[in-house]
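Here are the chains, one letter per residue:
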Amino acid sequence: MATQTKPVLHGYFRSSCSWRLRIAFALKGIEYDQVPVNLIKDGGQQLTEQYKALNPMQQVPAVEIDGIILSQSLAVIQYIDETRQGPRLLPADPKKRAQVRMLSDVIASGIQPLQNLYVIQKIGAEKAQWAQHFINRGFQALEPMLKQTAGKYCVGDEISMADICLVPQVYNAERFKVDVGLYPTIQRLNQTLLEIEAFKLSHPSCQPDTPDDLRV
């Protein structure tokens, strides 16, 4: 098991991809340092040459861990699951593990990228309607999938990478005024997960770079 210095998470308080990693670190009991990257200030600190050296995609997060830099949230989650002790974030059972990856990819590849900051900034005045459309489209697929896989959590009764992806996406949906009540399974799972300490501690409302007016 690799463990030297603490991992360093370069992220943004409201970035869903950064939040995924905060949840994962909390669930695994991993201490880490945070370096805020403000996606708005000065035109976006992720666009600086200094940050580009960390993540050529100029997105958050980027994680310095075990002498390497990883920049995709699902890759980081799977890496720490394979190298750190603590609760498994991917099930041992191959079928359940495939379901976790399927649900995670639906969110991380099929929903979130279409309403992230870079895309929304290009849309202009119609950004809210754009985000609502693609989140609803994704949730219309995700809801019946979760009805098939869910127990207490997204896949059975153990927290997994799918749950880590779900909660930040519901937060985004609510920001864009999506009626989450239309998706009762998604709503139930989200409410259950938000009661868990790892999800509370990692919430955007209580991060080092959370603006004062958004703190809870």
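Quick look at the structure, then. Predicted, not measured: the structure shown is a model, and the values here were computed from it. (Residues numbered from 1 in each chain as written. Predicted model: local features only at pLDDT ≥ 70, side-chain atom pairs only at ≥ 80, totals over all residues. Heavy atoms only, no water.)

Glancing now at the packing of aromatic side chains. Taken as a whole and assessed by the stated rule, the structure comprises five aromatic pairs. Consider the rings of Trp19 and Tyr171, whose centres lie 5.3 Å apart with planes at 90°: the pair is edge-to-face. A residue pair is termed long-range when its members are at least 10 positions apart, and Trp19 in helix H1 (residues 16-28) and Tyr171 in helix H7 (residues 161-175) qualify at 152 residues. On the basis of relative accessibility, which here comes to 1%, the residue Trp19 falls in the buried class. Sitting over the face of the ring of Phe176, Arg175 holds its NZ or CZ atom 5.4 Å from the ring centroid. (Phe/Tyr/Trp six-rings, centres within 6.5 Å; stacked < 30°, edge-to-face > 60°. Helix = DSSP H or I, 4+ residues; strand = E, 2+ residues; numbered from the N terminus. Buried < 20%, exposed > 50% of the residue type's maximum accessible area, 1.4 Å probe, protein only. Lys NZ or Arg CZ within 6 Å of the ring centre and 35° of its normal.)

Across all of its chains, the model carries three salt bridges by this definition. Between Asp33 and Lys6 there is a salt bridge whose closest N-O contact spans 3.2 Å. With Asp33 in strand S2 (residues 33-36) and Lys6 in the segment before strand S1 (8-11), this residue pair connects regions lying 27 residues apart in the sequence. According to the relative accessible area criterion, Lys6 is partly exposed, its value standing at 38%. We note a salt bridge from Asp66 to Arg84, for which the minimum N-O separation is 2.6 Å. (Salt bridge = Lys/Arg side-chain N within 4 Å of Asp/Glu carboxyl O.)

So, about the packing of helix H6 (residues 127-149) against helix H8 (residues 184-193). One can describe the packing of H6 onto H8 by two numbers: an axis separation of 8 Å at closest approach and a directional angle of 75°. Taken together, the axes of H6 and H8 lie roughly perpendicular to each other. Counting all contacts with H6, which are made through Phe139, Leu142, Glu143, Leu146 and Lys147, the residues of H8 involved are Pro184, Thr185, Ile186 and Leu189. (Axes fitted to C-alpha atoms, helices over the stretch in contact; angles between N-to-C directions. Parallel < 35°, antiparallel > 145°, perpendicular 65-115°, else oblique. Contact = heavy atoms within 4.5 Å.)

Looking now at the side chain of Asp209. Tracing the backbone shows Asp209 in the segment after helix H9 (197-201). Arg22 provides the closest opposite charge to the buried, unpaired Asp209, separated from it by 5.8 Å. Within the structure, the side chain of Asp209 is placed 3.0 Å from the backbone nitrogen of Phe13, a separation counted as a polar contact. In contact with Asp209, not counting residues within four places along its chain, are Gly11, Tyr12, Phe13, Pro36 and Arg215. (Lys, Arg positive; Asp, Glu negative; His and termini not counted. Polar contact = N/O pair within 3.5 Å; in protein donor to acceptor, adjacent residues only side chain to side chain.)

Once that is clear, we can look at the pairing of S2. Bridge count between S1 and S2: four bridges; the pairing is parallel. Bridge assignment links Leu9 to a residue of S2, and that residue is Gln34. The β-α-β motif built from S1, the intervening H1 and the parallel element S2 has right-handed crossover chirality. (Pairing = 2+ DSSP bridges. Right-handed = clockwise from strand over helix to strand, strands pointing away.)

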